[in-house]
Amino acid sequence: MNTFFSRVLILSGLILFINSSAYSAPLGYQGSVMTMGDFSRNWREASFNYAVTNRDAYGFTHLEMRGDDHDEERILDAVTYTRLLSRWNQPDSQSNLWLFFGVGSLQGARAHGNEERHFDKVMLTPGVQFDYETRRVYFAVTHKLYRASDINHDFTSVRAGFSFYETDYDKTQPWLILESRYTNHLSDKVEITPMLRLINKRFFIEGGINNDAQPRINIMYTF
Amino acid sequence: MKKLIAILFLALSMTSISAFANTLKLTVNGMVCAFCAQGIEKKVKALPETKDVYVNLKAHLVAIELKDGQKISNDTVTRIIKDAGYDVTAIEESSHSLAVIKSELDK
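Every value quoted in this text rests on a predicted model; they were computed, and no experiment measured them.

Chemist: What is the right way to read the overall build of chain B from this model?
Modeler: Counting secondary structure elements, chain B contains four helices and four strands. What you see in chain B, going N to C, is helices and strands ordered as α-β-α-β-β-α-β-α. Classification of the 107 residues of chain B by burial places 34% in the buried group. Taking contacts inside chain B between residues at least 6 apart in sequence as the whole, the part at least 24 apart equals 69%.

Okay, here's the thing in structure tokens:
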């Protein structure tokens, strides 16, 4: 466990240092670099993107995912494109429809009896996300496909939560977020994680323990 | 009596400050989260005409205090807010400083 947290801390620091990327509102304002990280025992992702317009961002992601029994391991390095398809701004709410696309190299190992076979494939990662947010309520649903020859993972995530209270713009706002996510052909379990989210302007952090008693941390920072 | 004098002095000071302030008050839709809205602050602060910026999510307000003698067109600020991902629904000129506007909203 100590090794795991050490790796999380090192990766977090690395992400902040190299302008790497992150996960929730997946695109900043025009000209910004958004860095994101999502770390748990079986899912470790670090990414960044650069917003060339207020609706388009290009970036890079490094993702390590594995099954619960560790028989299936995947390492993806991909270039990504994020498109804000539509945004609805209201006085007290904002909702967005996002499109994701990525293409990259997938490496991994698969157990065949006592033998472990390694592979290297091209992977495509299209996806969509819808989110709705007020100053007190948050909801997001994400569906992403991870496709390579003989490999089909469908990732689905639903997040909902509320803020304990409103804060001034420059104060830290705490939220309670519950996420349920599932990746088929990787795990038979639905991972459910209650997380404490803290937002302070350009910094965003979430941490929690999932239903397998495994810690998880998400971070985002905008440059 | 001393308190009364102090209050009068403070009120006169604030009136004096506000008389010289040159501020735009923008009503902005979609500002619900500081993590997202900080793009507005950064973009507006980067303008050479800007002295300071105040964002209030609850009041849907972005207040821009301009430097002495400076002006920004409504089209310019509307475009900047739009580029940050938000919609301006109203713009009002004010002679109040950001400190006065903030204190009024804090009441």
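Chemist: What is the right way to look at the overall build of chain A in this model?
Modeler: Secondary structure summary: chain A contains one helix and 13 strands in total. Secondary structure elements of chain A, listed N to C terminal, follow the sequence α-β-β-β-β-β-β-β-β-β-β-β-β-β. When burial is assessed residue by residue, chain A has 36% of its 223 residues classed as buried. Of the contacts formed within chain A by residues at least 6 apart in sequence, a portion of 43% connects residues at least 24 apart.

Chemist: Help me understand the nonpolar core in this model?
Modeler: What tends to happen in soluble globular proteins is that the nonpolar side chains get buried as a cluster. Among the nonpolar cores identified, the biggest contains 37 residues, and Ala37, Ile40, Val62 and Ile81 of chain B are the most heavily contacted of them. Mapped onto this core, the elements with two or more residues apiece are strand 1 (33–39), strand 2 (43–51) and strand 13 (215–222) of chain A together with strand 1 (23–29), helix 2 (34–45), strand 2 (50–56), strand 3 (61–66) and helix 3 (74–83) of chain B. Here this core gets six residues from one element, more than from any other, and that element is helix 2 of chain B. Discounting residues that sit within four places of it in the chain, Ile81 of chain B has contacts with Leu26, Val28, Ile40, Val62, Tyr86 and Val88 of chain B. Residues Leu63, Met123, Tyr146 and Ala148 of chain A belong to the second largest nonpolar core, which totals ten residues.

Chemist: Sorry if this is basic, but what is going on with the sheet that holds strand 4 (residues 87–94) of chain B here?
Modeler: In sheet architecture, strand pairing relies on hydrogen bonds along the backbone and comes in two forms, parallel and antiparallel. Residues and elements named next belong to chain B. What the four strands build is an open sheet, ordered 2-3-1-4; its pairing is antiparallel. Sheet topology places strand 2 and strand 4 at the edges, where each strand pairs with a single neighbour. On average, adjacent strands in this sheet sit at an angle of 20 degrees to one another, irrespective of strand direction. In the sheet, strand 1 pairs with strand 4 via seven bridges, with the strands oriented antiparallel. Counted as the bridge partner of Thr27 is Ala90 from strand 4. Against the sheet, helix 3 contacts strand 1, strand 3 and strand 4, and its axis sits at roughly 140 degrees relative to strand 4. This element, helix 4 (residues 98–106), spans strand 1, strand 2, strand 3 and strand 4 of the sheet and lies at about 10 degrees to strand 2.

Chemist: For this particular structure, what's the right way to read the interface of chain A and chain B?
Modeler: Much of the literature gives interface size as the accessible area that the parts lose upon coming together. Taken together, the contact between chain A and chain B spans 25 residues of the former and 21 residues of the latter. Of all elements in the fold, only strand 4 (72–90), strand 5 (93–112) and strand 11 (191–200) of chain A reach the threshold of two or more residues within the side of chain A that touches chain B. Per-element accounting of the side of chain A that touches chain B gives the leading share, three residues, to strand 4 of chain A. Its residues assigned to classes, the side of chain A that touches chain B shows six nonpolar, twelve polar and seven charged.

Chemist: Hey, could you run me through the confidence of the model for chain B in this one?
Modeler: If pLDDT is low for a region, its predicted coordinates should not be looked at in detail. Residues and elements named next belong to chain B. Looking at chain B as a whole, its pLDDT mean stands at 83, while 80% of the residues score no less than 70. In this model, residues 12–19 is a region of pLDDT below 50 whose contacts with residues beyond four sequence positions or in other chains number seven contacts. On the interface metric, ipTM, the complex scores 0.75, and its pTM is 0.80.

Chemist: Explain helix 3 of chain B here, please?
Modeler: Every α-helix carries 3.6 residues per turn, so stepping three or four residues along brings you back to the same face. Residue and element names in this part refer to chain B. Taken together, the buried positions of helix 3 are Val77, Ile80 and Ile81. The arc that holds every buried residue of helix 3, seen down its axis, measures 95 degrees, which confines them to one face. Those residues of helix 3 that are buried are in contact with strand 1, helix 2, strand 3 and strand 4. Gly85 sits one or two positions beyond helix 3 and adopts a positive phi of about 105 degrees.

Chemist: What should I look at first to understand the environment of Ser95 of chain B in this one?
Modeler: Residue and element names in this part refer to chain B. Within the element layout of this structure, Ser95 appears in the loop between strand 4 and helix 4. Accessibility expressed as a C-beta count within 10 Å gives 13 for Ser95, which makes it partly exposed. Separated by 14 residues in sequence, Ser95 and Ile81 place their C-alpha atoms 22 Å apart.

What counts as what
- Residues numbered from 1 in each chain as written.
- Chains lettered and ligands numbered in written order.
- Predicted model: local features only at pLDDT ≥ 70, side-chain atom pairs only at ≥ 80, totals over all residues.
- Helix = DSSP H or I, 4+ residues; strand = E, 2+ residues; numbered from the N terminus.
- Buried ≥ 20, exposed ≤ 12 C-beta atoms within 10 Å, placed from the backbone.
- Contact = placed C-beta atoms within 7 Å.
- Core = buried A, V, L, I, M, F, W, Y, C linked by C-beta atoms within 7 Å.
- Pairing = 2+ DSSP bridges.
- Axes fitted to C-alpha atoms, helices over the stretch in contact; angles between N-to-C directions.
- Nonpolar A, V, L, I, M, F, W, Y, C, P; charged D, E, K, R; others polar.
- pLDDT = per-residue confidence, 0-100.
- Arc of directions from axis to C-beta.

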